[in-house]
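Each chain, written out:
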There are 2 protein chains.
Amino acid sequence: MDEREFGMIKLYHLNKSRSFRIVWLLEELKLAYGLDYQLHTVERDAATYLAPDSLKQIHPMGKAPILIDDSLPAGEQALAESAAIMVYLLKAYDSKAQFHPVVDAAALKTHGKAWRDYQFWMHFAEGSLMPPMVMSLILQKASAKSPWFAKPIINKLKDGIHRMILDDNIAGGLVLVEEVLHDQPWLADEFSAADIQMYLAVYGAKMRGALPKSHQHTHDWLARCESRPAYVSAITLAGTPL
Amino acid sequence: MDEREFGMIKLYHLNKSRSFRIVWLLEELKLAYGLDYQLHTVERDAATYLAPDSLKQIHPMGKAPILIDDSLPAGEQALAESAAIMVYLLKAYDSKAQFHPVVDAAALKTHGKAWRDYQFWMHFAEGSLMPPMVMSLILQKASAKSPWFAKPIINKLKDGIHRMILDDNIAGGLVLVEEVLHDQPWLADEFSAADIQMYLAVYGAKMRGALPKSHQHTHDWLARCESRPAYVSAITLAGTPL
């Protein structure tokens, strides 16, 4: 294989999924450093809407994104889990720290706010905001597919779970985002991978009608994200995020 | 306040929750470095089983764990999101890298396997394994609370969601853990915070009967975790993890 032609990095991207994040980050790295990569888009199974089984041959979890970096030792080249892939790409290729804050342990207490905020959002996206949104989506789909005689009971269950646990967690996370963006243009001071990581969750909330119109700073931040040249390239190459 | 008496670090721990991880890590840091901290255990609301509203006064998300480090600048002292708290504690206090692999960017490709594995598990726990387990638990509780005439429909919905999405994700994650532990005693080479992060998820799976008896290496790893002196202290101070 000619590496100049094919690149050393290959991304398996699933349409309308978290792997959009990696396309966007790779486009940022391409613009900033000239990093080259190869994009393989795989389509969701039409019936189940899940990733196709073929991905299991590349990584045992069988879920996108999967990043192959053939500059890694044999047997260690396939990387999974979107946030972990981002952290790897930044360590390996963001040598000027343009997309992730870096701080020495000695300065962590006095000058580490951006670094701490970055860590928070990188984990908060999948640890706190996405799970209730995904559960809400699954319940909605299950309810839509259920027969008419079951719908009243299933909708009552769905509403109860929303009231009990989902709505507060989603709304609370979005309020926190809005409050932070009231004082700064990006989630961790300068633009960083934390904005990419969180964008997908907040965009998902907006698409589902869960992001209040009154969250003006958040809407402005989404627009700032969407006006970045790397984001525009990512959309062109990989389709919409969700 | 006398810092020698109260310590500079304060952890708000919710019983039977993810914040057990932080107690365990703080106990590891105490044994290794003599780091002192103060433990505040808060109890779940008896009716909702959620964190009490009082936590919202400490951090806007109102969920445990919340770590207060008063050596940080005023207004930046409250940290949330369990994995982000762990990453902070390690950077600030694990100066000899006893609980997290460290690698230079220059050596990342050749000697970075432990670091890459560590990043994977730190994100995989909450990004991939916990969400289907939490959803399974919520569906189970909702089903148990529903009236008798609704149960057949709700159980059918629950089984359908399990078949469609939850079971494969939980089982697949646990198979991956078992395969990795076949070749090494800990998830990222040496014992690290990745074991603490993943322990809670795998222990939860075991408690719910989702961890097959045949996953012998995983059962052995759980036992290795549970025999660590810091784990034993954490249980004594904070109660069982779930």
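Residues numbered from 1 in each chain as written. Chains lettered and ligands numbered in written order. Predicted model: local features only at pLDDT ≥ 70, side-chain atom pairs only at ≥ 80, totals over all residues. Heavy atoms only, no water.

Trainee: Now, about the overall build of chain A: what can you tell me, with residues and values included?
Mentor: Looking only at helices and strands, chain A features nine helices and four strands. Start at the N end of chain A and walk to the C end: the helices and strands fall as α-β-α-β-β-β-α-α-α-α-α-α-α. For chain A, the spread of C-alpha atoms along the principal axes amounts to about 60 × 45 × 30 Å. Within the span of chain A, comprising 242 residues, buried residues form 53% of the whole. Within chain A, residue pairs in contact and separated by at least 24 positions form 68% of the contacts whose partners lie at least 6 positions apart. A gap of 8 Å separates the mean positions of the 25 positive and 28 negative side-chain charges of chain A. (Helix = DSSP H or I, 4+ residues; strand = E, 2+ residues; numbered from the N terminus. Buried < 20%, exposed > 50% of the residue type's maximum accessible area, 1.4 Å probe, protein only. Contact = heavy atoms within 4.5 Å. Lys, Arg positive; Asp, Glu negative; His and termini not counted. Charge placed at Lys NZ, Arg CZ, Asp CG, Glu CD.)

Trainee: Which residues make up the packing of aromatic side chains, and what values do they have?
Mentor: Taken as a whole, this structure holds 28 aromatic pairs over all chains when the rule is applied. Relative to A:Trp221, the ring of A:Tyr199 has its centre 6.4 Å away and its plane inclined at 55 degrees; by these criteria the two rings are tilted. Of this pair, A:Tyr199 sits in helix H7 (residues 193-207) while A:Trp221 sits in helix H8 (residues 216-226); the two residues are 22 residues apart in sequence, bridging distant segments of the chain. Of the two residues, A:Tyr199 and A:Trp221, neither departs from the other in class, the shared state being buried. For the ring pair B:Tyr199 and B:Tyr203, a centre distance of 5.5 Å and an interplane angle of 20 degrees mean the geometry is stacked. Pair noted here: B:Tyr199 and B:Tyr203 are both in helix H7 (residues 193-207), with a separation of four residues, about one helical turn. Here the aromatic residues A:Phe20, A:Trp24, A:Phe99, A:Trp186, A:Phe191, A:Tyr199, A:Tyr203, A:Trp221 and A:Tyr231 are joined through ring pairs into a cluster of three or more. (Phe/Tyr/Trp six-rings, centres within 6.5 Å; stacked < 30°, edge-to-face > 60°.)

Trainee: Lay out the interface of chain A and chain B with the relevant residues and their values.
Mentor: Taken together, the contact pairs 55 residues of chain A with 55 residues of chain B. Regarding the contact of chain A and chain B, the summed buried area is about 5000 Å², with carbon and sulfur atoms giving 73% of it. Three residues stand out in chain A for area buried against chain B, namely A:Lys91, A:Lys109 and A:His123, and they jointly supply 15% of the buried area on that side. Applying the counting rule to chain A against chain B returns two salt bridges. Of the charged contacts in the structure, one is a salt bridge between A:Glu76 and B:Arg116, with a shortest N-O distance of 2.5 Å. If you look at where chain A meets chain B, you find twelve residue pairs in polar contact (both at pLDDT 80 or more). Looking at the side of chain A that touches chain B, the elements that each hand over two or more residues are strand E4 (78-80), helix H3 (82-93), helix H4 (108-111), helix H5 (113-145) and helix H6 (151-183) of chain A. If one sorts the elements of the side of chain A that touches chain B by residue count, H5(A) sits on top with 17 residues. The class makeup of the residues in the side of chain A that touches chain B is 34 nonpolar, ten polar and eleven charged. (Buried area = accessible area lost by both parts, 1.4 Å probe. Salt bridge = Lys/Arg side-chain N within 4 Å of Asp/Glu carboxyl O. Polar contact = N/O pair within 3.5 Å; in protein donor to acceptor, adjacent residues only side chain to side chain. Nonpolar A, V, L, I, M, F, W, Y, C, P; charged D, E, K, R; others polar.)

Trainee: Hey, could you go over the confidence of the model for chain A for me, with residue numbers and the actual values?
Mentor: All names here are of chain A. Mean pLDDT for chain A: 92, with 97% of residues reaching 70 or above. Within chain A, no element has a lower average pLDDT than helix H1 (residues 3-6), which sits at 39, and none a higher one than H8, at 98. With a pTM of 0.94, the predicted complex shows an ipTM of 0.93. (pLDDT = per-residue confidence, 0-100.)

Trainee: Can you lay out the pairing of strand E3 (residues 66-69) of chain A for me, pointing to particular residues and giving the numbers?
Mentor: Residues and elements named next belong to chain A. Where burial is concerned, the two faces of E3 agree: the one with Ile 66 and Ile 68 and the one with Leu 67 and Asp 69 are both buried. Examined bridge by bridge, strand E1 (residues 9-14) and E3 share four bridges and lie antiparallel to one another. The residue bridging Ile 9 from the neighbouring strand is Asp 69, located in E3. Across three bridges, the pairing between E3 and E4 is antiparallel. Residue pairing for E4: Leu 67 is matched across the bridge by Leu 79. (Pairing = 2+ DSSP bridges.)

Trainee: So what's going on with the environment of A:Ser95? Which residues, and what values?
Mentor: Note that A:Ser95 resides in the loop between H3 and H4. Along the backbone, A:Ser95 and A:Ile153 are 58 residues apart, and their C-alpha atoms lie at a distance of 55 Å.

Trainee: So what's going on with the sheet that holds strand E2 (residues 38-42) of chain A? Which residues, and what values?
Mentor: Residue and element names in this part refer to chain A. Read from one edge to the other, the open sheet built from four strands follows the order E2-E1-E3-E4, with strand pairing classed as mixed. Each having just a single partner strand, E2 and E4 make up the two edges of the open sheet. Here the average twist between neighbouring strands, direction ignored, is 20 degrees. In the packing of H3 onto the sheet, the strands contacted are E1, E3 and E4, and the crossing angle to E3 comes to about 30 degrees. (Axes fitted to C-alpha atoms, helices over the stretch in contact; angles between N-to-C directions.)

Trainee: Before we move on, can you summarise the environment of B:Phe191 with the specific residues and values?
Mentor: With respect to the helices and strands, B:Phe191 occurs in the loop between helix H6 (151-183) and H7. Apart from residues no more than four positions distant in its own chain, B:Phe191 is found in contact with B:Trp24, B:Glu28, B:Gln98, B:Phe99, B:Trp186, B:Ile196 and B:Arg228.

Trainee: Requested: an account of the pattern of salt bridges, with residues and values cited.
Mentor: Counted according to the given criterion, the structure contains 14 salt bridges over all chains. Members of the salt-bridge network, linked through shared partners, are A:Arg18, A:Arg21 and A:Glu126.

Trainee: Explain the relation of the copies chain A and chain B residue by residue, including any values.
Mentor: Mapping chain A onto chain B calls for a screw motion: a turn of 180 degrees about the axis and a shift of 0.0 Å along it, with 0.0 Å RMSD after fitting. Both copies are brought into coincidence by an operation consistent with a two-fold rotation axis. Of the interface residues in chain A, 100% have counterparts in chain B that sit at the interface too, so the contact is made through matching surfaces. (Least-squares fit on C-alpha atoms with pLDDT ≥ 70 in both.)

Trainee: Please set out H6(B) residue by residue, giving values where relevant.
Mentor: With 33 residues, H6(B) extends 44 Å from end C-alpha to end C-alpha; this agrees with the ideal 48 Å at 1.5 Å per step. Most pronounced at B:Arg163, the bend in H6(B) amounts to some 55 degrees. (Expected span 1.5 Å × (residues − 1). Bend = angle between axes of the 7 residues up to and from the residue.)

Trainee: Summarise helix H8 (residues 216-226) of chain B; cite the residues concerned and give the values.
Mentor: The α-helix winds at 3.6 residues per turn, so residues separated by three or four positions along the chain end up facing the same way. Residues and elements named next belong to chain B. Residues of H8 that are buried include every one of Thr 218, Trp 221, Leu 222 and Cys 225, and no others. Buried residues of H8, viewed axially, fall in a sector of 100 degrees; they line one side. Along its buried surface, H8 packs onto helix H2 (20-33), H6, H7 and helix H9 (229-238). (Arc of directions from axis to C-beta.)

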